Amino acid sequence: MVIDADKCTGCQACVVACQSENNLALNEENRVIERRAKTWIRIERYWEGEWPNAKARFLPVLCQHCGNAPCETVCPVWATYHNPDGLNVQVYNRCIGTRFCANACPYSVRYFNFWEPEWPSPMDRQLNPDVTVRTKGIVEKCTFCIHRINRTKREANRDGRPVADGEVEPACVQACPTTALVFGDLNDSDSKVSELSHSKRAYSLLDSLGTAPAITYLKKVDPSHVDEHEEHGH
Ligand code: SF4
Ligand code: SF4
């Protein structure tokens, strides 16, 4: 995935889409106060400068599907591992809830279920049947909407064709009104994500930790600091 910080307006459409697509329970006020709110993707907000010249910066943060994932090596039961597509996946019915993985993740994107998930009626009748409802006592996180990936692969296989670039869209990517999020196959050198990941604006989150994230960020372009040689990337 590529995330263009220059395009993100902080609208949170991706957050809501993820919540709905992946059957995350509502984050009611007391859950937020208790710091137990769950959002598989969150928008971090940073302020630069002083009023009246303050600027808000937004950064969507989700599981980075690290190539060297610290969460995988600490799991005693192999509930989280790398699948053949390069995704960091979670086997819910294998998880025993030690939370070692959540403590090891430097991006704080793993969530422990302290309670059984609940939805007020009639929201309990609109859950996504393609996504497992996770029970109390296990850890969960972003899957890159693996159910969408698998469905697209099955359909392409049935039709005897490869999956086209851009054919798979996780819910957050589909919902983003500014196309700040782009999803694709980094192993395909012709894909949009491969092209964008070579941008001069590209960087990885907490790169110095050596986690080899599968998400590339494109840095914000501040018009007041752009010189004529700097790439805008659009
Ligand atoms: S971001 Fe965290 S949960 Fe995701 S693969 Fe990396 S260490 Fe694991
Ligand atoms: S939907 Fe797009 S623009 Fe809105 S917060 Fe998410 S990434 Fe940013």
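Further up the page is the structure itself.
Keep in mind the model is a prediction, meaning the values are calculated, not measured.

Thresholds applied
The residue numbers shown here count from 1 along each chain, following its written sequence. Chains and ligands are labelled sequentially in the order written, the chains with letters from A and the ligands with numbers from 1. Reporting of local features is limited, given that this is a predicted model, to residues whose pLDDT is at least 70; pairs of side-chain atoms are given and counted only at 80 or more, and all residues count toward the totals for whole chains, interfaces and linings. By convention in this description, side-chain values take in all heavy atoms of the structure and omit both hydrogens and water. One bridge is not enough; two strands pair if DSSP finds at least two bridges between them. Where helices and strands are cited, they refer to DSSP runs of H or I of at least four residues and of E of at least two residues respectively, numbered from the N terminus. Each salt bridge in this description consists of a side-chain nitrogen of Lys or Arg and a carboxyl oxygen of Asp or Glu lying within 4 Å of one another. To be near a molecule or strand, a residue needs just one of its heavy atoms within 4 Å of it. Gly is placed with the polar residues, together with every amino acid not listed as nonpolar (Ala, Val, Leu, Ile, Met, Phe, Trp, Tyr, Cys and Pro) or charged (Asp, Glu, Lys and Arg).

With that settled, the discussion passes to the pairing of strand E3 (residues 55–62). When strand E2 (residues 41–48) meets E3, the two strands line up antiparallel, connected through eight bridges. What sits directly across from Ile41, in E3, is Leu62. Linkage of E2 to E3, two consecutive antiparallel strands, is achieved through a turn of six residues, within which Gly49 is found at a positive phi near 85°.

It is worth spelling out the pattern of salt bridges at this point. The full count for this structure, using the stated rule, is 12 salt bridges. We note a salt bridge from Arg42 to Glu44, for which the minimum N-O separation is 3.0 Å. Measuring nitrogen to oxygen at the nearest pair gives 2.8 Å for the salt bridge that ties Arg151 to Asp130. Highlighted residues: Arg151 in helix H5 (residues 146–158) and Asp130 in the loop between strand E6 (111–112) and strand E7 (139–140), separated in sequence by 21 residues.

In this section: the site of ligand 2. Around ligand 2 lies a shell of 13 residues, among which Cys8, Cys11, Gln12, Cys14 and Cys176 are the nearest. Counted by class, the shell around ligand 2 contains nine nonpolar, four polar and no charged residues.

Through backbone hydrogen bonds, the strands of a sheet pair up, either in parallel or in antiparallel fashion. The sheet built from four strands is open, its strands ordered E8-E1-E10-E9 with mixed pairing. Two strands bound the open sheet, and with one partner strand each, they are strand E8 (181–182) and strand E9 (202–203). Sheet topology places E9 next to strand E10 (residues 216–218); two bridges connect them, and they run antiparallel. Each bridged residue has a counterpart across the sheet, and for Ala202 the counterpart in E10 is Leu218.

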